Amino acid sequence: MRAVLMAGGSGTRLRPLTSDLPKPMVPILNRPIAEHIINLLKRHQITEVVATLHYLPDVLRDYFQDGSDFGVQMTYAVEEDQPLGTAGCVKNIAELLDETFLVISGDSITDFDLKAAIAFHKQKKSKATLILTHVPNPIEFGVVITDEESRIRRFLEKPSTSEIFSDTVNTGTYILEPEILEYLPVNTESDFSKDLFPLLLAKDEPMFGYIAKGYWCDVGHLEAYRDAQYDALHSKVQLDFPYKEVSPGLWVGQNTHIDSTAEIEAPAIIGDNCRIGARVQIEAGTVIGDNVTIGAYASLKRPIVWNGAVIGEEAHLSACVIGRGTRVDRRAHVLEGAVVGSLSTVGEEAQISPCVRVWPSKKIESGAILNINLIWGNIAQRNLFGQRGVQGLANIDITPEFAVKLGAAYGSTLKPGSRVTVSRDQRNISRMVTRSLIAGLLSVGVDIQNLDATAIPISRVVIPTMKVAGGIHVRVHPDRPDYILIEFIDVKGINISKAQEKKIEGAYFKEDMRRAQIHEIGDVTYPTQLVDRYCTAFEQLLRIDTIRNSRAKVVIDYVYAVSGAVLPQMLDQFGADAVVLNASLNKTAMSATDRELLLTQLGHVVEALKATFGVQVTGNGEQLILVDESGIPIRGEMLTALMVDMILTANPRGTVVVPVHASSAVEQISRRHDSKVIRTKANPTALMEACHKNHNVVLGGSGDTGFIFPELHPGFDAMFCVAKVIEMLTIQERSLASIRAELPRVIHRAYTVRCPWTVKGALMRHLVETHPAQNLELIDGVKICQPYDDSWLLVLPDASEPLVHLYANSNDRDWVDETLRNYRARVQAFVEREQEQVVAEV
């Protein structure tokens, strides 16, 4: 059998280690990852290897040459012009693959039994067999579900946290029949997971998943790289050590001198031609390459030191990576998680702080303390985007420096000369962050349409009319007054897709944003009449005469965070009486407790004035809580049901879009009106996209997120919602209290359980495997439905925290209480078992 070694990766997230080295050539135990893979193939009698190359191809080709020194026959296929993707590059060498062949990733460490996988492939008469494994945290990988015969039924490439429905993942190793390559176009970029496998699934070709036992680590980022080294040293994976084991757990190369006073704890590995000085302390887990010199009294606590490095006297290295040929001078400190690129110099008594990355060939002066990456940016993060945009602590995580870089990263994904809108709320912190984002965008040649302080619904209305590539909105987070939320908006006014988020993250983490020349620097303009455009669109979708004849009196509480005086002015223009509370801007964002006090105050005012209703507007004009004529708040699931009832009464046979965890009152109301309900993932972008893509949608959202009126724009809009409520109450001759009294009585409760990130995937798989498939919905999390009524329980992983949310829904209060209590205990017990197992393995 012939193997295809996928060795074209550039290893962006391993930078700076891969700045001058392709990822398959990064060393594990002082030998390239690709060499360990070839050794694995050789152990299973696979000796014909075709390596597909793209990034720095000569490095791997020069190392292996024809493969004879490694006991294999090597052939190379270089993607010259552009990368063809994982499947495209294999299609490119189809003439070499005339029988069953194996494809293996060049950036993973494993000791899987490939013979057993090949036998499984042949036994199942499979056209494509994916080698799968279980991992604690599947968010970085393609998740796969197989049936009882191991046939693949569903998979999702790199899911978000809330999309996880299993911890069984694709390892990037496949056994394939040559005829499946006929499905792929020639000389076209294509991917196995995104293109070929979904096509095979749609064509019902026999495609199976072999769940392999053994070790597997995708060396996709720096933490995984360190973990793979330590796992190999502790014999968690079967790899060939390149040196002799001189004592249990200590491997030392040839011509290496270790001073008799040096203290070395096992396991550790020291390469060829090394010099270890007097009283050096080397702790367990340390990896030292070939031709390394360690000065006297140096302290090495689990560092990974590449070939040719020089470590000075009394230097301290802690769980860091020191690149090829780098010099760390006397008494310098390189702390945990830091990475120093090849051929760099760390001066005497300098300190590199935890997790800081230094690119190759840099010099850090003596005594310097380096707290940021050299040369550009702050501490690298794994992901920028959460469930909703980019968010973090104001002026701590989201700083001016961070915002400049983020703006440049976003601008670098757009064409030079593109135009982008930028808007914000009225707070000073938002102004500061916005100006920094603008600076970054201008630096990469992007023009700015500065909308200044503008409510986000207005931004969403005007963006599609302005011939721009997208927009950014900055505001204090609606649920975290100490957080900043940065949202990126596409040309349709919807939050950008996950694919676009990944592009921005790629540009950010590569740290190689383009730089515009002086004459190419972007320009800033300030569009006018934004509110007029919004008001025009607003008015066209309302029955103005109805509102004018309603003589409605509405009390509006702006919670000291003005989203613009648009709504009171418009209601006044329409003949409605608007009483505004708390409209001045408070420099300090309101806490949840403060908002509750203001809500109570609002209820008293509504009752005293005998108003039609009251409304508390938050979220920069997106979210609201209604207060009925008796002063009683209507929020959450009650507000969702009330809005659905009013809208479907006015629009029978319409479609409403709600998140997966909304109560079943929505379905019960929709049945009254012969209407359709679409449920989406529990994030705002999914709601917006569903409202935009589906036909005849008359309402989207929920009481928690706010409401979408797709005829106006695809985002949430509390201002339009208020006007619409006045219109519908007048036409339907009802009050909020009377509508609430007619709503279905559904019991809907939630409970939150702590669940470590590493357990979430296993928990979701456990739930899928222990319940009948016909009772499950996997829109987002795992929903377990009762076949005889609207009762269900949803287990939904939190996208941002190590938590799992349980939602129970039924007409039967006892069922909800018992089910919530039962599944809370089951989830907690599962989490405890998994953690005990981890402790036992350690």
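Preceding this paragraph is the structure being described.
Every value quoted in this text rests on a predicted model; they were computed, and no experiment measured them. Along each chain, the written sequence defines residue order, and numbers are assigned to residues from 1. The predicted nature of this model means local features are confined to residues of pLDDT at least 70 and side-chain atom pairs, given and counted, to a pLDDT of 80 or more, with totals for whole chains, interfaces and linings taken over all residues. Each side-chain value is derived from all of the structure's non-hydrogen atoms; neither hydrogens nor water enter the calculation.

With that settled, consider helix 4 (residues 114–124). For helix 4, the set of buried residues is Leu114, Ala117, Ile118, Phe120 and His121. On an axial view of helix 4, the arc spanned by its buried residues comes to 155°, and they lie on one face. Turned more than 90 degrees away from the buried face of helix 4, the exposed residues are Lys122 and Gln123. Between two residues, a contact is recorded if the distance between any of their heavy atoms is within 4.5 Å. Only DSSP runs of H or I covering at least 4 residues are called helices, and only runs of E covering at least 2 are called strands; the numbering of each starts at the N terminus. The secondary structure elements touched by the buried residues of helix 4 are helix 1 (33–43), strand 6 (101–105), strand 8 (128–134), strand 11 (168–176) and strand 12 (207–211). Polar contact is the term for a pair of N or O atoms within 3.5 Å; when the atoms are in protein, one must be able to donate a hydrogen and the other to accept it, and sequence-neighboring residues count only if both atoms are side-chain atoms. The backbone nitrogen of Lys115 lies 3.2 Å from a side-chain oxygen of the residue at the head of helix 4, namely Asp113. Just beyond helix 4, the residue with positive phi is Lys125, at close to 50°. Note on exposure labels: buried denotes an accessible area under 20% of the residue type's maximum, exposed denotes more than 50%, and partly exposed covers the range between, all computed with a 1.4 Å probe on protein chains only. Throughout, the arc means the angular range of directions from the helix axis out to the C-beta atoms.

Let's shift gears to the sheet that holds strand 25 (residues 310–311). For two strands to pair, DSSP has to find at least two bridges joining them. With parallel pairing, 7 strands are arranged side by side in an open sheet as 16-19-22-25-28-31-34. Here the strands that pair on one side only, and so sit at the sheet edges, are strand 16 (257–258) and strand 34 (363–364). Across 2 bridges, the pairing between strand 31 (residues 345–346) and strand 34 is parallel. The residue bridging Val346 from the neighbouring strand is Ile364, located in strand 34.

Glancing now at the packing of aromatic side chains. Within a pair of aromatic rings, the relevant descriptors are the distance that separates the centres and the angle that separates the planes. Between 30 and 60 degrees the pair is tilted, below 30 it is stacked and above 60 it is edge-to-face, where a pair is any two Phe, Tyr or Trp rings, Trp via its six-membered ring, whose centres lie within 6.5 Å. In total, this model carries 16 aromatic pairs according to the counting rule given. With 5.8 Å between their ring centres and 55° between their planes, Phe402 and Tyr508 make a pair best called tilted. Taken together, the residues Phe402 in helix 7 (residues 400–412) and Tyr508 in helix 10 (residues 498–510) connect sequence positions 106 residues apart. Under the relative-accessibility criterion, Tyr508 is labelled buried at 1%. A ring pair is formed by Tyr534 and Phe538, whose centres lie 5.5 Å apart and whose planes are at 65°; its orientation type is edge-to-face. Pair noted here: Tyr534 and Phe538 are both in helix 11 (residues 530–540), with a separation of 4 residues, about one helical turn.

The next subject is the side chain of Ser663. The topology assignment puts Ser663 in the loop between strand 47 (655–659) and helix 16 (665–672). Leaving out residues up to four positions away in the same chain, Ser663 has contacts with Glu637, Arg679, Val746, His748, Trp792 and Asn809.

Before going further, it helps to spend a moment on the pairing of strand 47. In terms of burial, strand 47 is a largely internal element, 5 of the 5 residues being buried. Taking every second residue as pointing to the same face, both faces of strand 47 are buried, with Thr655, Val657 and Pro659 on one and Val656 and Val658 on the other. Orienting the strands away from the viewer, one traces the path from the first strand over the helix to the second; a clockwise path indicates a right-handed crossover. As for the winding sense of the linkage, the β-α-β connection from strand 47 through helix 16 to strand 48 (residues 676–680) is right-handed. Relative to strand 49 (residues 697–702), strand 47 is paired through 3 bridges, and the arrangement is parallel. Of the residues in strand 49, the one forming a bridge with Val657 is Gly700.

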